[in-house]
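# Examining the three-dimensional arrangement
One letter stands for each residue in the lines below.
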Amino acid sequence: MSTDDLKLTVGRGGRGAAILKALQSLPPYPGQTSGSVEQASAQYPDFASRGAGVQIAGATALSSPRSDVSVTSAASFRISRGAAISQLIQQKSAIVAPGASIAEMKERTRIESGMARGCSELLHAHFIENLTTQPGAKPLKSAFQEFGDTSSLTESLQNLSTIDSQDEVVVRQGSTGAKLSAMCNWIRLHCEENKSVFEYEVKFEPQIEILNLRFRLFDTLRDKIGSVKSFDGTTLWLPFRLPTEVALYHAANPSTGKTVTLKILYKKKTDMDKCIQLYNVLFNRIMKVLKLARVGKNYYAPGESVLVPQHKLEIWPGYVTAVNYQEGGIMLCADVSHRILRTETCYDILADLHQMHRSNFKNMAVRALVGCIVLTRYNNKSYRIDDIIFNQNPRSTFTNYKGEEISYVDYYFNTYGIKIKDLHQPLLLHRRKKKDVEKKGSKGFICLIPELSYMTGLTDDMRSDFRVMKDIAQHTRLTPTVRQASLRAFVKNVNSNREACQVLADWGLRLEDNAVALDGRVLPPETIFFGCREVPGSEIADWGRDACREKVITPVDLQSGCWSILFCPRDKYVSQKFVAMFKQVTLNMGIRVGEPQTIQLSDDKIESYVNSLKHFYHDKLQIAVIIFPTQRDDRYAAVKRLACVELALPTQCINSRTISQDSKLRSVTQKIALQINCKLGGELWALKIPMTGLMVCGVDVYHDPTRRGESVVGFVASINQTLTKWYSHVSFQHPADEIVHGLKMSLLESLRHYHKLYHVLPRSIIMYRDGVSEGQLKLVEDHELPQLATIFHHFASYEPKLYLIVVQKRVNTRIFAAMRSRELGNPPPGSIIDHTITRRCWYDFLLVSQHVRQGTVSPTHYVVVHDGGKLKVDNMQRLTYKLTHLYYNWPGTIRVPAPCQYAHKLAFLVGESVKKHPDNKLCDRLFFL
């Protein structure tokens, strides 16, 4: 059979191409035919495997005058790329000797087949049964050496399986802007040349579900395998290759005493530059060598903790590390991290609640603790509280891993030497994630003791307390110089610690002493356009004074009797001062304000606010200003739900404490006046947007912290040329559902609204999507993007240029500007880094858009998942920076584009308070600010 008789369909990327080339280079065999394609197809059905990338059709034997063996192929089958490699390995390395039995050849090829993942057992059996011998047969490997490759064909073919199209370096750099000399917190990680890692799969017979028990059993093989290894419970990495493809070892189960067989199967050989997972495992080991305790995903030094006794807080310093294969090579990202702990336990909170709310204790306890993260100091692990079990206490029993019934009191005393004091306290319930239950084979929940569970993080009251935040900032808000010094100290500790260096050296790795220095760019400041004049951009990107002095672009006047103000009797004087100041500050903004409809309530109950809004509502009412005497979430939610869902009325809720200080009344009222104008459909300021026919969208998701309610997808889209007016839409989904279905409906509705206004559709759509992790980028590109594009078929002959950009705020990368005084400072707004420390296989860039007066600025990471119109890199970066100027709740640049922040505010309001779809009459106004 000639190579023309092979019909191949190869998957994308290097592996499929390599398989095609290898199959075409196979030497023909002398041989037999196996009947027609129809007969063989009936005998051998299609074999499908995950990611089927190779299809071979035909029922003819491979023949050649130069070979002494015969192999009858399957009639028609599909195999994955890994399975195709497996078959090639078997054909090239199986030794077929005269008189060899089928059983011998089975065993030989069974070992080889373990090298390629995804090989179908049925396909493998068929291949073996049809492998026949000829007199004077010689090794297939010898026959293939005639084709010029005298090295190990087995290993070379395995290396082919590690090649992928995603390994291609994506370099997209701009050129606009002034040069910036910068430093960062990435350190290069050097690897020895030609160094490889050998990956194995470890199986336990009988199956062991408990992860810790797997580690204990595997540690018994230290004298046979050596100490230089990395094992995660299933996958084993070694810096050398074991002598056999399948190694069998035996160990005694310490719990039962029964013998457990450990089968170690060779999977593949990988170059060091593709072992990112291994690197992170090694640095986790180094953190333990440096005596750091793991809390959550990061490592901290409890011995260096700082107490803030006046607020009952404790701060643990630590580090967050991650190794990635960046555009500039393999690098370690290291940053200083702080863990804020409260010295009070869950038991202290429950005791206080029991004293204050005896009649409603259970409900108040659930509200106070469910959703919070606690730390158990006996093992330095953090847990999320999902429920409180009031009908159990520390004397209740549970079944341990040995199958024994034991009480919580005895368990903590026997395991940690801790004696529980209160035997009547309820238990806290933590539900494990499904993947953790499947991986560790443990129960789906953990019960915690309140008096041993310490609260972490800050409460809302703490965050709103200026004194608390100021005292915390003294320890956590580090300047660039101090942060870089901490980074150098960490690198020095690693490189000066003999055991830590040995962990890296065993794998041929070495950490550089200094962080990476690089050149960036600073985009020019943007000019801000107001109603009557334009204001040149400043280096700090702040126009707060101008926003309060200049006329807005589109003012919305408040007619007399068309706006109302609601307040309690105690806030009557405060409300009068606010109205007087409100009329005064709006004159400079070009907004005319008439007399309001004043509504004095009898008390501050929720019913009073709700009933008054309903009673005094009329069709000409533009907005209701509501002054609350205290901050209460339930009262705020009730008012917002009524106004947004039933009345379609914009509301402005104000805490009386905010406007009670005469010294701050003017500045506060100015911000409220700007916000009210936005909620009524007005426009404050604008920038020059060169692109025409453009729609910019923003997406963010709100997740219920208790995980009991639905997630809310907030979506906003620009509906004018200057990107100053926005259409909003929300959709609800279960927390585990895909987001794409809600996005499709939101985008479709926004396009219909755009067409209704202008009778045309936008030529370009740029979507900024927040809340996508690094591991979900491929899912968005392959799954969600094609589905989003299907909505364009709802319009005749409509094919816009679609761009999808993922916005990532939670990044550990830090950028420091090099100062003349040899110190480091924060880079100015508009600073761009688009090389060296950016992702190797994605079109992305880092942007510093806001000015920070204290601490270290955090850049925002933008990943262009889809570039449908091939927009210039400079234009993409410049437009993104412009959009950070257009958030009307702040007269300056913000960290993310305005549509992302609007989507966040929308999703948060609906998810936290409204809980329902807002009325469609509000969709073209920023009612959610």
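Look up: the structure comes first, before these words.
This write-up is about the structure you can find in this document. Because the structure is a prediction, the values reported are computed rather than measured.

## Digging into the environment of Thr343
Within the secondary structure layout, Thr343 lies in strand E16 (residues 329–345). The exposure class assigned to Thr343 is partly exposed, which follows from its relative accessible area of 36%. Residues Thr343 and Val308, spaced 35 residues apart in sequence, show a C-alpha to C-alpha distance of 9.5 Å. Discounting chain neighbours no more than four positions away, the residues touching Thr343 are Lys312, Leu313, Glu314 and Tyr454.

## Side note on the nonpolar core
Counting residues in each nonpolar core, the largest one holds 85 residues, and the members touching the most others are Phe578, Ile659, Trp685, Leu723, Tyr768, Tyr902 and Phe928. By residue number, the principal contributor to this core is helix H27 (residues 898–914), which donates nine residues. Counting 36 residues, the second-largest nonpolar core is a separate cluster that includes Leu292, Ala301, Leu509 and Leu511.

## Details of the sheet that holds strand E22 (residues 427–431)
Here we have three strands laid out as an open sheet, ordered E19-E22-E23, and antiparallel in their pairing. A single partner strand is all that each edge strand has here, and the edge strands are strand E19 (387–389) and strand E23 (445–448). Within this sheet the neighbouring strands show an average axis-to-axis angle of 35°, counted without direction. For E19 and E22, the ladder comprises three bridges, and the chain directions are antiparallel. Residue pairing in the sheet places Ile389 in a bridge with Leu427 of E22.

## Overview of the environment of Asp546
Mapped onto the secondary structure, Asp546 falls in helix H19 (residues 544–549). On a C-alpha basis, the gap between Asp546 and Phe530 in space is 8.8 Å, while along the polypeptide they are 16 residues apart. Other than its neighbours up to four places away in sequence, Asp546 contacts Phe530, Arg533 and Val535.

## Considering a nonpolar patch on the surface
Together, Leu757, Tyr758 and Val760 make up an exposed nonpolar region whose accessible area comes to about 260 Å². Note on placement: Leu757 falls in helix H24 (residues 740–758).

## With respect to the packing of aromatic side chains
In the structure shown here, the tally under the stated rule is 27 aromatic pairs. For the pair Tyr378 and Tyr416, a centre-to-centre distance of 4.6 Å together with 45° between the ring planes defines the contact as tilted. Pair noted here: Tyr378 is in the loop between strand E17 (373–376) and strand E18 (381–384) and Tyr416 is in helix H13 (residues 408–416), with a separation of 38 residues, a long-range link. Their ring planes at 80° and their centres at 5.8 Å tell us that Phe795 and Tyr798 sit as a pair that is edge-to-face. The pair Phe795 / Tyr798 is uniform in exposure class, with both members buried. Following the ring pairs from residue to residue traces out a cluster consisting of Tyr378, Phe398, Tyr408, Tyr411, Tyr412 and Tyr416. It is Arg172 that lies over the ring of Tyr843; its NZ or CZ is 4.2 Å from the centre. The ring of Tyr454 has Arg377 sitting right over it, with the charged end atom 4.3 Å from the ring centre.

## Here's the deal with the packing of helix H10 (residues 276–289) against helix H18 (residues 498–505)
Put simply, H10 and H18 touch, their axes get as near as 9 Å, and they point 170° apart. Taken together, the axis directions place H10 and H18 in an arrangement best described as roughly antiparallel. Remark: the crossing between H10 and H18 carries right-handed chirality. Here H10 contributes Leu282, Phe283, Arg285, Ile286 and Val289 to the contact with H18, which in turn contributes Glu499, Ala500, Val503 and Leu504.

## Digging into the pattern of salt bridges
As a working rule, side chains carrying opposite charge can pair if their charged atoms are close by. For the coordinates displayed, the defined rule picks out 27 salt bridges. Put simply, Asp335 and Arg483 hold a salt bridge, and the shortest N to O gap is 3.0 Å. One end of the pair, Asp335, is in strand E16; the other, Arg483, is in helix H17 (residues 480–496), and 148 residues separate them in sequence. With respect to class, Asp335 is no different from Arg483; both count as buried.

## Side note on the packing of H17 against H18
Between two packed helices, both the angle of their axes relative to each other and the distance between the axes serve to describe the pair. It is the contact of H17 with H18, at a shortest axis distance of 5 Å, that shows an interaxial angle of 80°. Considered as vectors, H17 and H18 are oriented roughly perpendicular to each other. Residues Val494, Asn495 and Ser496 of H17 touch H18, and the partners they reach there are Arg498, Ala500, Cys501 and Leu504.

About the criteria used
Residues numbered from 1 in each chain as written. Predicted model: local features only at pLDDT ≥ 70, side-chain atom pairs only at ≥ 80, totals over all residues. Heavy atoms only, no water. Helix = DSSP H or I, 4+ residues; strand = E, 2+ residues; numbered from the N terminus. Buried < 20%, exposed > 50% of the residue type's maximum accessible area, 1.4 Å probe, protein only. Contact = heavy atoms within 4.5 Å. Core = buried A, V, L, I, M, F, W, Y, C linked by side-chain atoms within 4.5 Å. Pairing = 2+ DSSP bridges. Axes fitted to C-alpha atoms, helices over the stretch in contact; angles between N-to-C directions. Patch = residues over 30% accessible without salt bridge, like charges linked within 9 Å, V, L, I, M, F, W, Y side chains within 5 Å. Areas by Shrake-Rupley, 256 points an atom, 1.4 Å probe, with all protein chains shown as cover. Salt bridge = Lys/Arg side-chain N within 4 Å of Asp/Glu carboxyl O. Phe/Tyr/Trp six-rings, centres within 6.5 Å; stacked < 30°, edge-to-face > 60°. Lys NZ or Arg CZ within 6 Å of the ring centre and 35° of its normal. Parallel < 35°, antiparallel > 145°, perpendicular 65-115°, else oblique. Left-handed = near helix turned anticlockwise from the far one by under 90°.

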